[in-house]
Every structure is written in structure tokens, then in C-alpha cells.
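Descriptive structure summary
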There are 4 protein chains.
Amino acid sequence: MTDEHATAGVPMRWVGPLRITGNVANIETEVPLATYESPLWPSVQRGARISRMAPEGIATTLVDERMTRSVLVEAVDARTALAAARQVDARFGKLREIVRAGSRFADLVAVRHEITANLLYLRFEFTTGDASGHNMATLAADLLLSHLLDTVPGIAYCSISANYCTDKKATAINGILGRGKNVVTELTVPRDVVHDRLHTTAARIAELNVRKNLIGTLLAGGIRSANAHYANMLLGFYLATGQDAANIVEGSQGVTVAEDRDGDLYFSCTIPNLIVGTVGNGKGLPFVETNLTRLGCRAEREPGENARRLAVIAAATVLCGELSLLAAQTNPGELMRAHVHLERTAEKIGQES
Amino acid sequence: MTDEHATAGVPMRWVGPLRITGNVANIETEVPLATYESPLWPSVQRGARISRMAPEGIATTLVDERMTRSVLVEAVDARTALAAARQVDARFGKLREIVRAGSRFADLVAVRHEITANLLYLRFEFTTGDASGHNMATLAADLLLSHLLDTVPGIAYCSISANYCTDKKATAINGILGRGKNVVTELTVPRDVVHDRLHTTAARIAELNVRKNLIGTLLAGGIRSANAHYANMLLGFYLATGQDAANIVEGSQGVTVAEDRDGDLYFSCTIPNLIVGTVGNGKGLPFVETNLTRLGCRAEREPGENARRLAVIAAATVLCGELSLLAAQTNPGELMRAHVHLERTAEKIGQES
Amino acid sequence: MTDEHATAGVPMRWVGPLRITGNVANIETEVPLATYESPLWPSVQRGARISRMAPEGIATTLVDERMTRSVLVEAVDARTALAAARQVDARFGKLREIVRAGSRFADLVAVRHEITANLLYLRFEFTTGDASGHNMATLAADLLLSHLLDTVPGIAYCSISANYCTDKKATAINGILGRGKNVVTELTVPRDVVHDRLHTTAARIAELNVRKNLIGTLLAGGIRSANAHYANMLLGFYLATGQDAANIVEGSQGVTVAEDRDGDLYFSCTIPNLIVGTVGNGKGLPFVETNLTRLGCRAEREPGENARRLAVIAAATVLCGELSLLAAQTNPGELMRAHVHLERTAEKIGQES
Amino acid sequence: MTDEHATAGVPMRWVGPLRITGNVANIETEVPLATYESPLWPSVQRGARISRMAPEGIATTLVDERMTRSVLVEAVDARTALAAARQVDARFGKLREIVRAGSRFADLVAVRHEITANLLYLRFEFTTGDASGHNMATLAADLLLSHLLDTVPGIAYCSISANYCTDKKATAINGILGRGKNVVTELTVPRDVVHDRLHTTAARIAELNVRKNLIGTLLAGGIRSANAHYANMLLGFYLATGQDAANIVEGSQGVTVAEDRDGDLYFSCTIPNLIVGTVGNGKGLPFVETNLTRLGCRAEREPGENARRLAVIAAATVLCGELSLLAAQTNPGELMRAHVHLERTAEKIGQES
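Residues numbered from 1 in each chain as written. Chains lettered and ligands numbered in written order. Predicted model: local features only at pLDDT ≥ 70, side-chain atom pairs only at ≥ 80, totals over all residues. Heavy atoms only, no water.

1. Here we look at the packing of aromatic side chains
The condition is simple: Any pair of Phe, Tyr and Trp rings, taking the six-membered ring for Trp, is counted once the centres come within 6.5 Å. Such a pair is stacked with planes under 30 degrees apart, edge-to-face with planes over 60 apart, and tilted for the rest. Runs of E in the DSSP output that reach at least two residues are strands. Runs of H or I that reach at least four are helices, and both are numbered from the N terminus. Only protein chains enter the area calculation, which uses a 1.4 Å probe; residues under 20% of their type maximum are buried, those over 50% are exposed, and those in between are partly exposed. In this analysis the charged atom, NZ for Lys or CZ for Arg, is taken to sit over a ring once it is within 6 Å of the ring centre and within 35 degrees of the ring normal.
In this structure the tally under the stated criterion is four aromatic pairs over all chains. Where Tyr-121 of chain B meets Tyr-164 of chain B, the ring centres are 5.9 Å apart and the plane angle is 50°; that geometry is what we call tilted. With Tyr-121 of chain B in strand β5 (residues 119-127) and Tyr-164 of chain B in the loop between β6 (155-159) and α5 (173-177), this pair connects stretches of sequence that are 43 residues apart. For Tyr-164 of chain B, a relative accessible area of 1% translates into the label buried. Directly above the aromatic system of Trp-14 of chain A lies the positively charged group of Arg-294 of chain A, at a separation of 3.7 Å from the ring centroid.

And the structure:
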């Protein structure tokens, strides 16, 4: 391996500000997005501008947070696997102590299990303070697994990671059981703003959302996903804030809801698997420090508060880009014109903001 | 929008060289990976070293390539939608001409359609030369859609993108119908190399692959995916080569197969949705130019040859990281020790290569 | 094994008539449903009555038909698998001859393939006349597989059935590539009928359909399915007409679309995997003969016509039950009251029809 | 509606006996299967015979049981939905009382919830004694929903059923959270029995299971399913015992595991969504009464015991048919010969048993 100090310099800009309210933060903030796809910036920018035209801005609700790691053990047979699972349930207090003894920030909040043949899949669920928590969860799972292998009869090691977590794969389990921050964003766009700024109507966006995001994805064989392009915004935000951007795989599984409410547009993005942190790998790079600080996510707060703030900002950013693209796609030719135009003049449009 | 010339500097290293053979390239090459997760480098490095211990190295087979865009039209009713679909089929030659007239590199190779209620989903499939082809496909789809709306009775515009493509979402359709480069990689690791370098056995890797990648992902509710961490390698490779890394969402849907063949390990990664290009957005950045050139993907070749070369290198890189991690997970504690160790000494280990 | 002449006597009734129009049949017909769940009868009955209040009745469009069987061969390596796949493509004409020589009714219409590692999955697609075609397809696949094993170098037998067909499993491939009859049904219910007979509004049914069938199923981790209870109607219809009712597994994967069109209700059920036949296993039982005859599906027609007629009747029956249940669920308490009431008085309500 | 006393007489036979052990029952019993597909009987028969050649027979482990019903409410916004969800959690004791007051047999064991936009999906989970519990769960959910609508501020009725249950659809949630009886079956077949009776080897069955059931289903876009034909055995068993056979849709989602253990075959079927009862709709028909009695499932036992006994018998029956078919498919031509032969001589082969 060579080139130790090289970097891939991904173009980055700040867009916004976005207006955000909710149970975590009530702020206006610009957000950084790093991407090779320059049309992303004006797209999010347009959504951000609209967020400021709504009194409440983007209402963000943090519903849940946890980081998970699954391990796999092999039992003598299914009956023994069941006995082991019951022991795990019965010992929850002890397991929690083990985790606490091993980390200042990790806390075991639940254990789930599933048996297939003689295999026992154990899914440990933690809160992890301001860290996204991959490593903290793996370390804690390692301790728990060692303890169980030592003390529960009839089971043997199979794997420290069992794909039942699930990390960086698109599955159903993360949405159903929880992994990462679960954030709902909502924006009500007045009828005249829909018309003047988005050049469309609430009814047309609602209809497109059903036909494209819900039915289209369903027909494509999607799993727990109905949106136009969450992955784009998440990638840009994750790279700009030092996150492990491979987590966009599950992060992009979310659901857009759009409703015509007497001409006003109710627009919501639910993003149940946002995996972000303000400490840990990547967070020590100078530009990341700078960005997190500018986002107000390096303040002195209770552990977890900075990460939650980052999560709701990320989620609101997703909404801005999603709204902008869906609106564009209701109009024949607009997307194509915008792409051609924006790729050439992204800078110029940016300055209008 | 501000900070126009800022970049997110993602740490990047070259690892390898990997030995690659197959129907596209027969080379040894180092590969660049940009990531915030430093353990990725030595992990891929270990796999690369093993690739050079096998006479054939990593056999890569490019099975297919195409870029797609789906559009959505609304018909008067299902019967009219069916009539429109039949017209589309009947006019394939004409549609192909339209695409060719609009682009030097795009070529329409197939059209698929599906009807739900009165909605007609049309999936246009193109080859796009050395470009990954998102924009080329969108432009061509725009032309085709305009033509169809003008000439086919009873249909109206719904959307230029129908999520039936499918771009940056985890679905089943891309694997079944094709999107991006479909590449199979295979490596046979001699028994003693499995033992000495991976500290495990072929039987244990094969068993782990069934229990973790196949059954574990299945239980998690995965869709067309059975691997440990393709997303990590793809992200690093995509960022280092100027790709739209949001395509790791579908790119990471692939299948690892591991078999114990008389003690030797047959190890294969099938990656059916690799979306890469050597021209287009992001490819003009100086470090990207440098990297693509060093990978031999900026040579004077037939259109498409450079992109195919890049695809098989990407796929071989995925195999290296996948093999290394699975081997580590067969051994209790190894992953944890490696993570702790590697995060501290990634540089040092890199130099051993 | 004992009790050779015993039968499980599943209660059966005829409901309707349904009014059906479209590209296969323009009829009014009653339909038989065999079920242990007596509320099914009045539920379908209510839908049938509404179908007769619409001038066009239930418009049914048969979009496609085919029966499939996949086989699996193992190649020396992926490159050989690719060469074999290309041979299969190149020899389509020969393969078709082999099928025709082996059966009067089976006709090979397409072959699809997918390669994973060194495994080649081949999906043969046939038309099968009036038979649902399971056995015909298996027999034809057996002939094709033998031929390929004899003549294509580098491949060996793995399985006569590869789960890539897919028979009696819920997957994405059947909807995307086709298996069984693909039928779209549409019914426009005038505003006053929605009010008087369904005690609800088009807007409420449309909203419920989005929230329950589309979003609810998505959140549950469904695959290519958005409906309330297609499985119930299909089971009842399949049992009453001698079908292999295990095919409700994939048959019940379909999509309900409901729209408020100025107060009228546009209601559509797309059922892409209807597997029915009028000859073959189960069709020789006296009550099945009687039922098929009464449905007009034992007439002298071109091969395939009777089965297509049966398919559109089945699909229209599904719509009737789906409409009725969704309407009921828009009203708090109605479903519960109906269930309690109907289980006690199914006979009585039946007589009102 | 007419023909009130008609029945669809599905051919039915008893096969076996099967040897069953485990945490619910230790018995040898024949089982009834009603089907139009006569090859099913000798197929299960072969498996049953093998079960008697293993000292422990088919080890069955009942892992869990519950019946579920989801309801849907609409909140003012996501924040209100979250507050409502927290109230539901806080009031679990009260909710349980409401259920107990409304039914002798229903007991609320858990409530799960998920928020999307302003929609709150509530999944109530019950034990339901010897009933499969559809109606009991719906009645209880109706009571709970009424209570919540009356007492929790800011929510309104959407639907008494939200497809998040999930009933008669193939989804991921039932396997992950539980619905029906979760039963694991295991059988170890000695090497010589594999050879003499199944005409194959453990290694070949294990390999086929990976390639067909795991990888084949995955490539087809399956969801939480890896088996050859659970649906066939479940349909036959459900019809013969008065069950709602539409529940084979989710019931057939299960996982077959096969391992070569030094030449012996470890064979396991995990069936997490078995929905069966010994009382309720369909159970009062004379032939059903007779069949349940003969299966020992109408004895005086604690509530739930009879249904659990029925569940493990159903699960063991599934294993018999699955083993037999997979073994046959390892041999080229055997399935085809068997089908042709068996359809003609099912009776004769039956008598050999």
C-alpha cells in the first residue's frame, strides 16, 4: 500500500439554510454536501428555500435510535438453541452489565433472537452516545458472545457477525426492529408556493409519489423502500461529515408520503435507518471537524445529543432533495432541461440563493 | 450555496497488486480505495496478496452490460396500455434509430414493459460506451418518451423516471433484467494458502458463507443479496475513480459462493449491478484522471473497453475484501483484534505488502 | 396410505353473477367458491352486484400468459457458464423443435438465464394450451436439459428445478418475467353506488389503499404485493375449479389501485401470476367438470381459449372480494360487525342477492 | 348465492405413520392430506418411512406462538403519532385487561408499532388458545382500537387491518416478529438410509439445498424463503384439518437446512408461520372432526395444547415431503419418472408402505 497521505477530493458545497423544527432541534442551518453530481446542490437548495417559506419549516421527529450487531452460534440442536435463547432473555441484566463494564457509552437496550435449524441468531441492540457505533457494538458483541459461549451449555461459535444486524445491506429487519436513528420529516407547502416555486400542484406530486415511488418500486421488487433518490442526499451528507457512507445502502430505504390537503402539499420523508455520529472514524479530519462544528454538532451536550442533531439535519436535507426532484418529474422535460442546465451553471444558480 | 472550491478529502490509498484474468483483462494492478474506514485497506491487501498466489489469479467474467431508464405513462385503461406496449415492441427499430440519432454512444438494446392498472412502465435498456450512462440514458429516454407521447394514441405523460429502472435502490429487477456491468469473479485458493494466510479452512469458510451470507441475510429479509460487505469495497473504489457512489446501493447486491473442493477453497463473488464509467461526471477531476490512467482505463480503445476494464478491476477488488473478512470471521476474536490493531497500525501493515 | 376414496368436502357456493368485459370474454356469470370461511361468499357477492351496476362491468385485460420451469446446471467455471448460456440463446430454434416434438400443446416462447459463480440458471418459458402446465413444462424442461447436457460442453446436471421458475413461492421474478396468466381488472363505480352500496367514498377507498395495501405491505417487508386479501378469493376459486391451490402463494402477489375520479371510484386489481387450467390434474373430478362447464370453460374452442376465459373470471372474482373488503375497512367497526353477522347468517344474506 | 349444501370434494388420503419427538409431542401418527396433486402422497409417504428409521424420528421444537392483527391510525403529525405510540407502550397493562375482558382465550402478549409520516401502525400480538385466532385477534383489536381512539388525543381511525399483521401475504415481518406457531423440525438420516431409500448422498442433498433453495430463491427475488415445496404439504394438511388454507401464503415461507455430517444427513425445516387451530371455522365439519380426533388433537388438554400438537404434526409432514423431493431432484430424470409413474400408480405405491 502506498500514497499514504493522498486523498480523494470530492467537490463539496454548503447549501441552504434549511429551517428545521421538532423534538431535537429548532434551527436554521446550511448543510454541506460532497458529491461528483453537481445537480444535487441546486436541487437541495430549492427544497431548502421552500422550507423557509413554511412557518414550521421541516418538522423532524426522532422516533428511535439504536445500533446493532448480530452474532451467530450453533447449538447441538434446535431444542438446545431454544434453551440458549431463553437463557439470553433471562440474563438480560447480566448482559447489560457486561456491556457497561466494557464501554463508557454503549448501553444494551434489547436482544432479539431467531432460530433456524440448530442455528441461533442473536441481535444485540445498543445506544452508543454520539458515535454511529459500529465498532462499539462490535466490541460489546464480542464481550457478550464470549460470555455466552463460556456459560451457556450446548452452543459453539459461528460468527461475530451474522448479517442479521444488518450492516450495509438492504433488508427488512432494520426498519422493523430499528437500527440507526429513525427520523420522520414533514413539510407542509402552501398551495401558492407549490405553484410558484415548484411549478406543479400538490395533487400531481401526490399522484406521482403513488405511481413512481410506491408502485414503481414495488414492481421493481423493492424492499421497504419508496422514494426517488434518498441515496444521493445521504451520500453527499455522509461524505461531508465523515460518516461511513456505505451505510447509505440501508439508509436509503425510506418512504416518501405526499398528500394533497386542499391544495397545500403535505410532504414527508421517513428515514428509519440513519446511521450517523459526531465522533469516531473519519470525524477527526480537519474539514470534518470544521463541518460538524459549523452544523453545531460539536457543542458541549449530553452524550448522544450532537449525533441526534446531526441526524435530524441529515433527514431534513433528504426531504429537500426529494421534494425538489419529485416536483421536477411531474413536468415533462423539466428534469432533462434542469440536468443539462444545472451541470453547466451550478455555480450561477447557487449564487441566487 | 458557498465554498465553491471546497472538497471533502477522503483518505485514499493504493493496495495490491491484484492478479486478474478473464474475458476482459489479464493484468496485475494496484487499486485505489478512498474511505474513512482504514481497516479496509489491509483487508483488501490480504486478499490481493492471495490472488497472486493462485496461478490464474482472480478469474473475472463480464456477463452483460447495459444502463437503463424507466419511464411511466398513463393510458386510458389497461387495454389501451396493452395496445401501447405492443406498439412499442413493434417499433423497436424506429426507437433504436431515435436513440442513435441523439447520441454517438447510446444504443438501445431492449425495451421491457409492465402494466399495472392503466399504468404502463417502460424500461429502456442501452449500451453507453465508456460512460456509466445515467445521463445518456435519461436523455435518450426523454427522446423516446416524447416520440411515444406524440405517436401512440391514448397515453399521457406520468414521469421521466418510474423507479422501475432501478437507480440507487435495492430491488430485484436489476439483477433479473440487468443494469450495469454483470461481473462474476472466481478465485481458487490452494489448501495451504487458506491455512497459512487466512488461518482457516475451506470448509469453515464455506459453512460460514451459507450460515451468514445466505441464511443470515435471508432471515433479515434481504433481497437478492448474500455477502458480507461488498458495499465497503465498492464505496472506496467508486470514490477513488470518480463514480457516482450512490450506486453502491444496488451495486452491493451480489452473491458470494464458497465451496470446499478437497481442501482448496473455491471462492466467487457475483456482482450483477456494477455501474462504472471512465468518462462523465467526476472523471475530469485531476486525481480521478490520474487514478484511471494508472489503472489503464484511459487508453485508446474501442468505446466501452475502458469501462469494462474498470468494472472487472472493481469486481476483483470486491472479492479481495470479501474473502479477507469472511476468513477473519471464522475465527473467534480475530475480527475484533484486527479492527483494534488495524485502526492503529494500518500504515505499518500496508508496508509489509 | 389408506382411505383411498375419502374426500375433504370443502363447503362451496356459487355467487354472482359478475359482469365481465374485455379482450377474452364478455359475459355475465356466477362463480363457485369453496372455502371454510363463510364470510367470503357475501363479500364477493357484494362486489358482483356492483359489477352489474357499471355499464362495462369489470373490464378484464389478459396481458400475457406463459408457464415456466427453471433448471440448474453447473459449469466448469463462470466463463464456461457464459459460453453455455450463449449456446442456449443461439440454439433457440432447435430447443423449440425439441419441445414441439415432445408435446402437442407445449411451445417454447423464451429462455432466460442468469449466472452466479459457476452456476447457470436456465428459465424455460412455454405456452401450454388449456393446461396450467406444471407437468407439461417439467416434461419439456427434462427434454431440453437432457439435450443440453448431451451437446453443450463443460456443464453438468444440478437440478431439474432451480427455484428460479418460481413455483409456489413469493418472489419477484414471476411478476417481472411472467408466469401464469397476467390479468388486469378494472371497474369504475359511480359515485352514488359507492355511497349507497359501499357506504363510503372513492376518496376514502383510495386513501386506504395507499396507506394499507401500498405502505402497510411495504413496511411489513412485502415483495411485489399490495392488496388486502387476493389469497382468499383465489383459494376459493382454485378449489372449486380443480386447480393446484398451492399456486395462490404467487397468485396472491398483485396490486390494487384505487383512484377518486371526481367522486367516482376507479378500482383495479392487477394479478400477474394467475395459474389456472381447464384440463389436467383435478379437472376430471365430477364436480370440477360440472363447475368448469357451468363457467363455459369446457366449450369447443382453440387450445388455450378455455383457460384464458377461466383466468379472467378468476381475476374478476378477486376484484369483487377486494373491493368489498376495502370498502368495509374504511368504516370503523363494519368489518367486525359484518364478520359476526355474516358467520351467523351467510345463508340468509346469500338469498338477498 | 345458491347450492348451499354443495362441497368441493378434494381427494384425501392418510399417509405415514411419521415418528415425531420434541417439546410438544412424542408420537407416531398418520396424517391426512387433501390435494388434487396425487404425487404428493407417495412423496410424503417416503419421508414418513424414513422418519421411522431414525431413533428420534423427526425432532420438533415449538419455538413461539402468537396471532397478530395490525390496525392503522392517523395522527395530526409524526410527533403526535410518537406520543400516541408511547401511550400505547405505557398502557400495556390496561390494554391487556381489555383483551381479557373481551375473550376467555385471547391474551395480549405484545404490541409493536411503526411510524411513517403521520401514520401509526400498531401490531397487536395475542395468544389464542386452540384457535388459529384470526377472528379472536380481530375482535380484540377492534376493542383495543376503540379504546385508543377514545382516550389517546390526536389520532383518528384509518383501518382495522393495516397489512402490517401480515395475513396471507408473503412479507418479512411475520418471521421477524412472529405470527402463528414457529416450529423447527430436524431429522438425522443415517448414511445407509440416505443411500438405500433416497438413492443419493448427504453431500448431494446439502449442495442442492444451497444451490436451489438458498441461491435459486434468492436470485428469483424471494423473501425469507428457501425451500422446495412447503406450500404443497401445507395445503394438503390445511384442507384436511379444516384450516384456512389461504394461510399457506405466509406459512410456506420457511428455510430448509441440509448438512452432510460424515455421510449422515442432517435435514431441517424451519417453519415460523404455521397458522393452525383445532377449534373455529371449518373445525365443525364431520370429516374435520374425525381427522382432528384421529390426530389426537381433540383430547381434553390445557387450552393451546391441541393446537400445538397439530402444529408440530403439520411441520413434521412438511419435512417428509421436502426431504423426498430434494432427494429426487439430485438424480437426473428421477422426478420426471416419478411424476409419470406416481400419477398412474399412486394407489399401488401407497400400499407398499
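2. Points about the relation of the copies chain B and chain C
Quick reminder of the rule: Copies overlap after least-squares fitting; the atoms used are the C-alpha atoms of residues with pLDDT of at least 70 in both.
Screw-axis analysis of chain B against chain C gives a translation of 0.0 Å along the axis, an RMSD of 0.0 Å, and a rotation angle of 180°. On the angle and the small slide along the axis, the relation comes out as a two-fold axis. When C-alpha positions in chain B are compared against the rotation axis, the closest is assigned to Ala-172 of chain B, at 3.2 Å.

3. Some points on the domain arrangement of chain A
Residue and element names in this part refer to chain A. The following threshold applies: How far each domain reaches was decided by an automatic or database domain assignment. Here a residue-residue contact requires only that any non-hydrogen atoms of the pair lie within 4.5 Å. A pairing counts as a salt bridge when a side-chain nitrogen of Lys or Arg comes within 4 Å of a carboxyl oxygen of Asp or Glu. By the criterion applied in these results, polar contacts are pairs of N or O atoms within 3.5 Å in which, for protein atoms, one can donate a hydrogen and the other can accept it, and in which residues neighboring in sequence qualify only through two side-chain atoms. Residues are grouped as follows: Ala, Val, Leu, Ile, Met, Phe, Trp, Tyr, Cys and Pro are nonpolar; Asp, Glu, Lys and Arg are charged; all remaining types, including Gly, are polar.
According to the domain assignment, chain A consists of domain 1 (12-64 + 180-352) and domain 2 (66-159). With centres defined by C-alpha atoms, the gap from domain 1 to domain 2 works out at 35 Å. Contacts between the two partners involve 17 residues from domain 1 and, on the opposite side, nine residues from domain 2. In this structure, the connection of domain 1 to domain 2 is made through one salt bridge. Asp-64 is paired through a salt bridge with Arg-66; the nearest N and O atoms lie 2.9 Å apart. Taken together, domain 1 and domain 2 are joined by seven residue pairs in polar contact (both at pLDDT 80 or more). When contributions to the side of domain 1 that touches domain 2 are tallied by element, the ones reaching two or more residues are β7 (180-189) and α11 (305-329). With three residues, α11 is the largest single contributor of residues to the side of domain 1 that touches domain 2. Taken together, the residues that form the side of domain 1 that touches domain 2 break down as five nonpolar, seven polar and five charged.

4. Some points on the packing of helix α1 (residues 40-51) of chain A against α11 of chain A
Residues and elements named next belong to chain A. The condition that has to hold: Helix axes are fitted only over the stretch in contact, all axes being lines through C-alpha atoms; the angle between N-to-C directions runs from 0 to 180 degrees. Orientation is classified from the angle alone, with under 35 degrees giving roughly parallel, over 145 giving roughly antiparallel, 65 to 115 giving roughly perpendicular, and any other angle giving oblique.
Two numbers describe how α1 lies on α11: the axes approach to 7 Å, and their chain directions differ by 105°. Classed by the angle they form, the pair α1 and α11 counts as roughly perpendicular. Here Ser-43, Val-44, Arg-46, Gly-47, Ala-48 and Ile-50 of α1 come into contact with α11, specifically with Thr-317, Cys-320, Gly-321, Leu-323, Ser-324, Leu-325, Ala-327 and Ala-328. Taken together, the residues that form the contact of α1 with α11 break down as eight nonpolar, five polar and one charged.

5. Side note on the relation of the copies chain A and chain B
Put simply, the two copies of the chain differ by a rotation about an axis and a shift along that axis. Rotating chain A by 180° about the axis while translating it 0.0 Å along that axis superimposes it on chain B, leaving an RMSD of 0.0 Å. Comparing interface residues between copies, 100% of those in chain A also lie at the interface in chain B; the contact surface is shared.

6. Some points on the pattern of salt bridges
Residues and elements named next belong to chain D. In the structure shown here, the tally under the stated rule is 83 salt bridges over all chains. Measuring nitrogen to oxygen at the nearest pair gives 3.8 Å for the salt bridge that ties Asp-167 to Lys-168. Taken as a pair, Asp-167 and Lys-168 share a single burial class, namely buried. The salt bridge involving Glu-207 is made with Arg-211; its shortest N-O contact spans 3.5 Å. Pair noted here: Glu-207 and Arg-211 are both in helix α7 (residues 202-219), with a separation of four residues, about one helical turn.

7. As for the interface of chain A and chain B
Selection rule: Only strands joined by at least two bridges in the DSSP assignment are considered to pair.
Between chain A and chain B, the residue contacts involve 95 residues of the former and 95 residues of the latter. The tally of links between chain A and chain B comes to two salt bridges. Here Glu-74 of chain B ties to Arg-211 of chain A by a salt bridge, and the two come within 3.1 Å at their closest N and O atoms. Across the chain A-chain B interface, the total number found is 36 residue pairs in polar contact (both at pLDDT 80 or more). Its residues assigned to classes, the side of chain A that touches chain B comprises 45 nonpolar, 34 polar and 16 charged. Relative to strand β1 (residues 7-22) of chain B, strand β1 (residues 7-22) of chain A is paired through five bridges, and the arrangement is antiparallel. Among the inter-strand pairings, Gly-9 of chain A is bridged to a residue of β1 of chain B, identified as Gly-9 of chain B.

8. Thoughts on the nonpolar core
Stated precisely, the cut-off is as follows: Nonpolar core, defined: a set of buried Ala, Val, Leu, Ile, Met, Phe, Trp, Tyr and Cys residues in which side-chain atoms within 4.5 Å join the residues together.
Membership of the largest hydrophobic core comes to 520 residues, with the highest contact counts inside it found for Phe-124 of chain A, Phe-124 of chain B, Phe-124 of chain C together with Phe-124 of chain D. Leaving out residues up to four positions away in the same chain, Phe-124 of chain B has contacts with Met-67, Thr-68, Arg-69, Val-71, Leu-108, Ala-110, Val-111, Ala-141, Leu-144 and Leu-148 of chain B.

9. Side note on the environment of Val-31 of chain A
Residues and elements named next belong to chain A. Within the secondary structure, Val-31 is located in strand β2 (residues 27-34). Look at Val-31 and you get buried, because its relative accessible area is 0%. Separated by 209 residues in the primary sequence, Val-31 and Ala-240 place their C-alpha atoms 9.0 Å from one another. With near-sequence residues (within four places) excluded, Val-31 lies in contact with Arg-13, Trp-14, Val-15, Leu-18, Phe-237, Leu-295, Ile-313 and Thr-317.

10. Re helix α10 (residues 286-294) of chain B
Residues and elements named next belong to chain B. Stated precisely, the cut-off is as follows: Of all possible arcs, the one meant is that of the directions from the helix axis to the C-beta atoms.
Of the positions making up α10, those classed as buried are Phe-287, Val-288, Asn-291 and Leu-292. The arc that holds the buried residues of α10, viewed along the axis, is 130°, so those residues lie on one side. Turned more than 90 degrees off the buried face of α10, the exposed positions are Pro-286 and Thr-293. Among the residues trailing α10, Gly-296 stands out with phi positive, at a value near 75°.

11. Concerning the interface of chain B and chain C
To keep things clear, this is the line we draw: The term buried area refers to how much accessible surface (probe radius 1.4 Å) is lost by two components on association, counted for both of them together.
The partner chain C presents 31 residues to the 31 residues of chain B that form the contact. For the chain B and chain C pair, buried surface summed over both sides reaches about 2,600 Å², with 54% attributable to carbon and sulfur atoms. Our count for the contact surface shared by chain B and chain C stands at two salt bridges. In this structure, Arg-224 of chain C and Glu-114 of chain B form a salt bridge, with 2.5 Å as the shortest nitrogen-oxygen distance. Partitioned by chemical class, the residues of the side of chain B that touches chain C number 15 nonpolar, eight polar and eight charged.

12. Section: the pairing of strand β2 (residues 27-34) of chain D
Within a regular beta strand, the side chains point alternately toward one face of the sheet and then the other, so they alternate between its two faces. Residues and elements named next belong to chain D. With six of its eight residues buried, β2 lies for the most part within the structure. Where strand β1 (residues 7-22) meets β2, seven bridges bridge the pair, whose relative direction is antiparallel. Paired with Val-15 across the bridge in β2 is Val-31. Here β1 folds back onto β2 in antiparallel fashion, the turn holding four residues.

13. Some words on the environment of Gly-280 of chain B
All names here are of chain B. Here Gly-280 lies in the loop between β9 (264-274) and α10. Overall, Gly-280 belongs to the partly exposed group, its relative accessible area being 47%. For the pair Gly-280 and Ser-132, spaced 148 residues apart in sequence, the C-alpha separation works out to 7.6 Å.

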